[in-house]
Amino acid sequence: MDQQEIFPPPKHFSEKAHIGSMEQCEALYKACAADPEKFWAEQARNLHWFSPWKQVLDWSNPPFARWFIGGKTNIAYNCIDRHLSSARRNKAAIIWEGENFEQRILTYQELYRRVAKFCNALKKLGLKTGDRSIIYMPMIPEAAIAMLACARLGITHSVVFGGFSAEALKARIQDLSASLVITADAGLRRGKEIPLKPNVDEALPECPTVKHQVVFRRLGSKVEMKAGRDHWWHELTDGVSEQCAAEPLDSEHPLYVLYTSGTTGKPKGVVHTTGGYLTQVLSTMKWVFDIKDEDIYWCTADVGWVTGHSYVVYGPLAAGATTLMYEGAPDCPKPDRFWRIIEKYRVSIFYTSPTAIRSFIRQGDDFPNAHDLSSLRLLGSVGEPINPAAWKWYHRVIGKEKLPIVDTWWQTETGCIMISPVPGATPAKPASATRPLPGAAPDILDENGNSIPVGKGYLVLTRPWPAMLRTLHGDPERFKQNYWSRFPGKYFTGDTATRDEDGYIWLLGRNDDVIKVSGHRLSSMEVESALVRHKDVAEAAVIGAPHEIKGEGIHAFVTLKAAAKESPALADELKEWVAKEIGSISRPEKILFVAGLPKTRSGKIMRRLLREVVSADKVVGDTSTLEDYNVILKLTQQGKEEDEILAEKK
Ligand code: WTA
């Protein structure tokens, strides 16, 4: 990477930005560093509090942090009600476009009405503060309405990505002991109906805690309704009051649990709470996106991921902004759909993933060039490392060499953006997330936990921050073990990063068994567990291998049971099997049948060696713990043969 290339913030942007110079930026960093609690107390005053906090931070029992102790607030109140007493009440809160070109625009006033009605519907079912719900919805306004209604009543929600299977949904419902599932009959993807309610129905027989299922009619698909348990959204909200007071909730009330992949087969339920979360999400919304009242802001993430929580729903609405939601695929009906949407709604801030950018590059410049993108003023990227070529294309073709790009690093666990340029101030270097924002105190450590001022190592965060995860749902031990034990007292991100002479941070990818496919977070073990549930599979080892568009693709090394025979048909069957077990985002790119897997003497699969086989076609590093070195040699040989066959085909 060329670390010398620097893109200063465009003058026209800095002149109008909330933070328009490095001096202003430094002042912010300094204020936070000098007295973080005072700094965050000031930021928290940007929210409405029903009663004030007594203490800013309690870090007396690390790693369990509490922020704004004793304070009472409500996230839905901050995202909606606050805006009703100003001209913002007539402003578009949500602009939605369906894949089939349907369009809906909800003003803040209308959003209030719909959220209040849905709250009253939930109350009718007996739901109350402290209950837990699962939201399994397509990208429609009702997904946001459901989230906001839960937040308003203090029902902790867990949004499950609509692309997850019944099996994956079931595991999440069970772990959360949810009493309510909110879903739709189906979603729309590339013109095809994606069933949702039928998946819930498949999961529920083994989820005894669920008492109610509320179903929004999106497409009018035929679904079965079980009397007493299943309710239509439109029937439940019919005739109910359009007023509903927001519950004053404790600052540490759990807002949501979001399941994300870790290094074991079981997803982790990351818990986010209320006051600290919204404070930092709102601050970053201003610092990173320079959000203004006149913006049309579009983050392309699905509400099923953390980006959809913090930067599609809660952040933009807390800022009183207009947030755009699009239901479908980026290439439907043609590869120019995103550019059409930007042109049609005059989008000014566009936030997407490197995978999306790489697929735009492949489709060619004609698609964006055919549209008027002159409304854009800021571009963003999130979810995986962006390669310099993709950054430069984004800058040149979409930004016409005039727009700043914010490459934002963060995680489900951090709750909000931690490392990112401030667009009116920070000079950008392509593919570097640049510098930590106030509140983020990163360090880069070697194996032994020594700080590396310049160079490559493990990325950690050294101080608690308001939007940090509080624990893992039902498993505080795993929370400690997973994040705080590798380097005691420090939060371990699982990422590898480099810091350069200017203090700029370059994210290089994960150093654990988390795989990032198209920016979606998957775990090796989850896919392996799915594979070994297949009748023919004896053992499986799964790794992420470099992929031109998706960043990483899943490669699965499989050993078969004695009675099974390897064949291309079986490989296809196994790919489908994984897609069915977890969801199609987990479908392996490649299945490799092997005679054995490399293991340590204690029986742990050495995925590191497999990664080396795939990416370098040779084994480097320490193999002294290998049980059988021959296994690796065989794999290396097999990889070579495959490549030769492929080369011949070309
Ligand atoms: C990766 C997504 C490089 C990283 C918000 C992190 C990134 C994981 C970037 C979290 C970026 C996220 N540059 N890598 N700008 N942003 N990542 O929980 O490996 O889905 O640990 O949260 O994505 O993924 P998650």
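For clarity, every value in this text was computed on a predicted model and none was experimentally measured. (Residues numbered from 1 in each chain as written. Predicted model: local features only at pLDDT ≥ 70, side-chain atom pairs only at ≥ 80, totals over all residues. Heavy atoms only, no water.)

Participant: Explain the packing of helix α10 (residues 275–289) against helix α11 (residues 306–318) to me, using residue names and the numbers behind them.
Facilitator: At their nearest, the axes of α10 and α11 sit 9 Å apart, and the two run at 90 degrees to each other. The angle between α10 and α11 falls in the class roughly perpendicular. Across the interface between the two elements, Y277, L278, V281, L282, T284, M285 and F289 of α10 pack against H309, S310, Y311, Y314, G315, P316 and A318 of α11. Looking at the contact of α10 with α11 residue by residue, the class counts come to ten nonpolar, four polar and no charged. (Axes fitted to C-alpha atoms, helices over the stretch in contact; angles between N-to-C directions. Helix = DSSP H or I, 4+ residues; strand = E, 2+ residues; numbered from the N terminus. Parallel < 35°, antiparallel > 145°, perpendicular 65-115°, else oblique. Contact = heavy atoms within 4.5 Å. Nonpolar A, V, L, I, M, F, W, Y, C, P; charged D, E, K, R; others polar.)

Participant: How would you summarise the sheet that holds strand β17 (residues 296–299) if you had to cite specific residues and measurements?
Facilitator: One key point about sheets: their strands pair by backbone hydrogen bonds, in either a parallel or an antiparallel sense. Read from one edge to the other, the open sheet built from seven strands follows the order β6-β5-β18-β17-β19-β20-β21, with strand pairing classed as mixed. Of all strands in the sheet, those with a lone pairing partner are β6 (103–107) and β21 (405–408), marking the two edges. Across the sheet, the mean angle separating the axes of adjacent strands is 20 degrees when strand polarity is ignored. Along the sheet face, α10 touches β17, β19 (349–352), β20 (378–382) and β21 and points at about 140 degrees away from the line of β21. (Pairing = 2+ DSSP bridges.)

Participant: Break down the site of the ligand for me, with residues and values.
Facilitator: Around the ligand, 17 residues are found, and the nearest of them are T408, T412, R510, K516 and R521. Between D407 and the ligand, the recorded distance is 2.8 Å, taken from a side-chain N or O atom to a nitrogen atom. Interatomic distance of 2.7 Å between a side-chain N/O atom of R510 and an oxygen atom of the ligand. If the ligand stood free it would expose 530 Å²; the protein chains cover 96% of that surface. Among the elements of the structure, α11, β21 and β26 (505–510) are those that each provide at least two residues to the shell around the ligand. Classifying every residue of the shell around the ligand by side-chain character gives six nonpolar, five polar and six charged. (Near = heavy atom within 4 Å. Polar contact = N/O pair within 3.5 Å; in protein donor to acceptor, adjacent residues only side chain to side chain. Areas by Shrake-Rupley, 256 points an atom, 1.4 Å probe, with all protein chains shown as cover.)

Participant: So what's going on with the packing of aromatic side chains? Residues and values would help.
Facilitator: Scanning all chains against the criterion turns up 40 aromatic pairs. Aromatic side chains F39 and W287 sit 6.0 Å apart centroid to centroid with 35 degrees between the ring planes, which places their arrangement in the tilted category. In this pair, F39 is assigned in helix α3 (residues 36–44) and W287 in helix α10, connecting sequence segments 248 residues apart. Ring geometry for Y458 and F487: centres 5.8 Å apart, planes at 50 degrees, overall tilted. Taken together, the positions of Y458 in strand β23 (residues 455–461) and F487 in the loop between α16 (476–484) and β25 (491–499) put the pair 29 residues apart, joining distant regions of the chain. F487 matches Y458 in its accessibility class, with the two residues each being buried. Stacked on the ring of W96, the Lys or Arg R104 has its end atom at 5.9 Å from the ring centre. When the ring centre of F101 is taken as origin, the NZ or CZ atom of R337, which lies over that ring, is 3.8 Å away. (Phe/Tyr/Trp six-rings, centres within 6.5 Å; stacked < 30°, edge-to-face > 60°. Buried < 20%, exposed > 50% of the residue type's maximum accessible area, 1.4 Å probe, protein only. Lys NZ or Arg CZ within 6 Å of the ring centre and 35° of its normal.)

Participant: Mind laying out unusual backbone geometry, listing which residues take part and the relevant values?
Facilitator: A cis amide bond links P62 with the next residue in sequence, P63, at an omega value of 5 degrees. Tracing the backbone shows P63 in the loop between β2 (55–58) and β3 (66–69). Although it is not a glycine, D290 adopts a positive phi angle of roughly 50 degrees. Its place among the elements puts D290 in the loop between α10 and β17. The phi dihedral of R346 is positive, around 55 degrees, even though this residue is not glycine.

Participant: Which residues make up the domain arrangement of the chain, and what values go with them?
Facilitator: Annotation of the chain at the domain level lists domain 1 (74–285) and domain 2 (518–649). On a C-alpha basis, the centroid separation for the pair domain 1 and domain 2 is 37 Å. Between domain 1 and domain 2, the contact holds 16 residues from the first and twelve residues from the second. A buried area of about 1000 Å², summed over both sides, lies between domain 1 and domain 2, and 49% of it is on carbon and sulfur atoms. Of all residues in domain 1, F164, S261 and G265 bury the most surface against domain 2, accounting for 38% of the area lost on that side. With a shortest N-O distance of 4.0 Å, E526 and R172 are connected by a salt bridge. (Domains from an automatic or database assignment. Buried area = accessible area lost by both parts, 1.4 Å probe. Salt bridge = Lys/Arg side-chain N within 4 Å of Asp/Glu carboxyl O.)

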